[in-house]
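Structural overview for review
Listed below are the residues making up each chain.
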Amino acid sequence: MAVIPVELAGRGYEVRVGNRLLADLAAQARPFLRKRHACIVADANARRHWGEAVGNSLSAAGIEPRWYDVAPGETSKSWDSLARLTDWLLDQGVERGDHVFALGGGVVGDLTGFACAILKRGCGFVQLPTTLLAQVDSSVGGKTAINTAAGKNLIGAFHQPSLVLADLGALGTLPERELRAGYAEVLKYGVLGDRGFFDWLEQDGRTVVALDPAATERAVAASVAAKARIVAEDERETSGARALLNLGHTFGHALEAETGFSDRLLHGEGVALGMVLAARYSARRGEISLADAQRVTAAVDAAGLPAEISALGLECDGRRLADHMLHDKKMDAGTLPFILLRAIGEAYLARDVEMTDIAAFLDEQLQAH
């Protein structure tokens, strides 16, 4: 088991990466089980696969599991879902000193984390991520949120978990498409800040997607460690360091909005295509070499992820996609910063991007290929 500390002043916590962590939940999370029952908010699919292991572990320790099921998919990150969940937690008598468990992917983690951030002005929670995307990204760092008609993750709070248990065995139950979508976030860490990690993924990334045990643990642990370093430096995205984690997201969120935040484009797929667009736009500005931009595209394509906008079959123009970006929560004084690249492994925050140029660039991409 790999243990990665997330170092925050007075509020640090561990991310544990290994196997059979869910079956060992009662022992792993003992400090956070102070009552004779535990509230578990679960993705319905995750509960079907892992509910018995989690429940048996708690029951064997004399703790009653109390379950709240969440329907899979982004539509569960809504005001209505948040209201129903907080009402249920209050009915269960959750107190500020208690911990709620979130079993599933990023949707459940975001929804549960936000509910815990506002319940009685804040109670604790433990992340039990069962998707690759959640294990390497959304479960670490304390960003919690719901979606609105205006855009993705626009209502939320920073609320750190007390513990993250990333059970690698859970990845074996994922559909291949979802596994590949999670791999996009792994690839992101190499593109934005670790060329050596990118080089390894470029050569051996297929072993991660194939769930080779050693490769998967290396990829997940390295990704978590990279994010932990950035979160420790810039927890609330004030200095600019944490903003680098948004590589691919500004383009990707616009594409997700255009496709209705649906299964037509999974979040990780949007990030993958967004990274390609960020690399190509950086090359258009003369910052990254065309060869490096092509390597990013090739790495995304080799992972079976979308590398061309044309694959989405969109019926819109670049201006419409750029307009989606105007709802981005990173807007500052009417300008939108973009995460661009000077090289593979060297991302930076650009504040001089004109949205008219973005729209023109996206028109070019929509018409290509």
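Everything here concerns the structure above.
Report follows, based on the coordinates. Keep in mind that what you see is a predicted model, and the values were worked out from it rather than measured. (Residues numbered from 1 in each chain as written. Predicted model: local features only at pLDDT ≥ 70, side-chain atom pairs only at ≥ 80, totals over all residues. Heavy atoms only, no water.)

So, about the packing of aromatic side chains. Within the structure shown, the criterion is met by 5 aromatic pairs. A ring pair is formed by Phe 251 and Phe 338, whose centres lie 5.6 Å apart and whose planes are at 55°; its orientation type is tilted. Here Phe 251, found in helix H9 (residues 249-258), pairs with Phe 338, found in strand S10 (residues 338-343); they are 87 residues apart in sequence, far enough to count as distant. Here the two residues Phe 251 and Phe 338 agree in accessibility, since each one is buried. Cluster of aromatic residues (ring-pair linked, three or more members): Phe 251, Tyr 281, Phe 338 and Phe 361. Seen from the ring of Trp 200, Arg 218 lies directly overhead, with NZ or CZ sitting 4.0 Å from the centre. (Phe/Tyr/Trp six-rings, centres within 6.5 Å; stacked < 30°, edge-to-face > 60°. Helix = DSSP H or I, 4+ residues; strand = E, 2+ residues; numbered from the N terminus. Buried < 20%, exposed > 50% of the residue type's maximum accessible area, 1.4 Å probe, protein only. Lys NZ or Arg CZ within 6 Å of the ring centre and 35° of its normal.)

With respect to the secondary-structure elements, Asn 153 resides in strand S8 (residues 151-158). Here Asn 153 falls in the buried class, since its relative accessible area comes to 16%. Along the chain, Asn 153 and Lys 329 lie 176 residues apart, while their C-alpha atoms are 8.1 Å from each other. Residue contacts for Asn 153: discarding those within four places in its chain leaves Lys 77, Asp 110, Ala 145, Ile 146, Asn 147 and Lys 329. Of note is the side chain of Asn 153, whose polar atom sits 2.6 Å from the side chain of Lys 77. (Contact = heavy atoms within 4.5 Å. Polar contact = N/O pair within 3.5 Å; in protein donor to acceptor, adjacent residues only side chain to side chain.)

Right, let's talk about the packing of helix H7 (residues 195-209) against helix H11 (residues 290-302) for a bit. Between two packed helices, both the angle of their axes relative to each other and the distance between the axes serve to describe the pair. The interhelical angle for the contact between H7 and H11, taken along N-to-C directions, is 50°, at an axis separation of 11 Å. What the angle tells us is that H7 and H11 run oblique. The two elements H7 and H11 meet at a crossing, and its hand is left-handed. In contact with Arg 195, Phe 198, Asp 199 and Glu 202 of H7, H11 contributes Asp 292, Arg 295, Val 296 and Ala 299. Tallied by class, the residues present in the contact of H7 with H11 amount to 3 nonpolar, no polar and 5 charged. (Axes fitted to C-alpha atoms, helices over the stretch in contact; angles between N-to-C directions. Parallel < 35°, antiparallel > 145°, perpendicular 65-115°, else oblique. Left-handed = near helix turned anticlockwise from the far one by under 90°. Nonpolar A, V, L, I, M, F, W, Y, C, P; charged D, E, K, R; others polar.)

Before going further, it helps to examine the pairing of S10. Among the 6 residues that make up S10, 5 are buried, leaving the element largely enclosed by the rest of the structure. Pairing analysis gives 5 bridges linking S10 to strand S11 (residues 346-350), with the strands arranged antiparallel. Within S11, the residue paired with Phe 338 across the bridge is Ala 350. Linkage of S10 to S11, two consecutive antiparallel strands, is achieved through a turn of 2 residues, within which Gly 345 is found at a positive phi near 90°. (Pairing = 2+ DSSP bridges.)

Let us now look at unusual backbone geometry. A negative phi angle characterises most non-glycine residues, just as the trans form characterises most peptide bonds. Positive phi, normally seen in glycine, also occurs at Lys 120, with a value near 55°. Relative to the helices and strands, Lys 120 is located in the loop between helix H4 (106-118) and strand S6 (124-129). Although it is not a glycine, Asn 153 adopts a positive phi angle of roughly 60°.

Right, let's talk about empty space enclosed by the protein for a bit. Using the criterion set out here, one finds 1 cavity of 30 Å³ or more in the structure. Its residues assigned to classes, the lining of the largest cavity shows 6 nonpolar, 4 polar and 3 charged. (1 Å grid on protein atoms, 1.4 Å probe; cavity = no way out; pocket = protein on both sides within 12 Å on 5 of 7 lines; lining within 4 Å. Points joined across faces, edges and corners; volume = space filled by probe spheres on them.)

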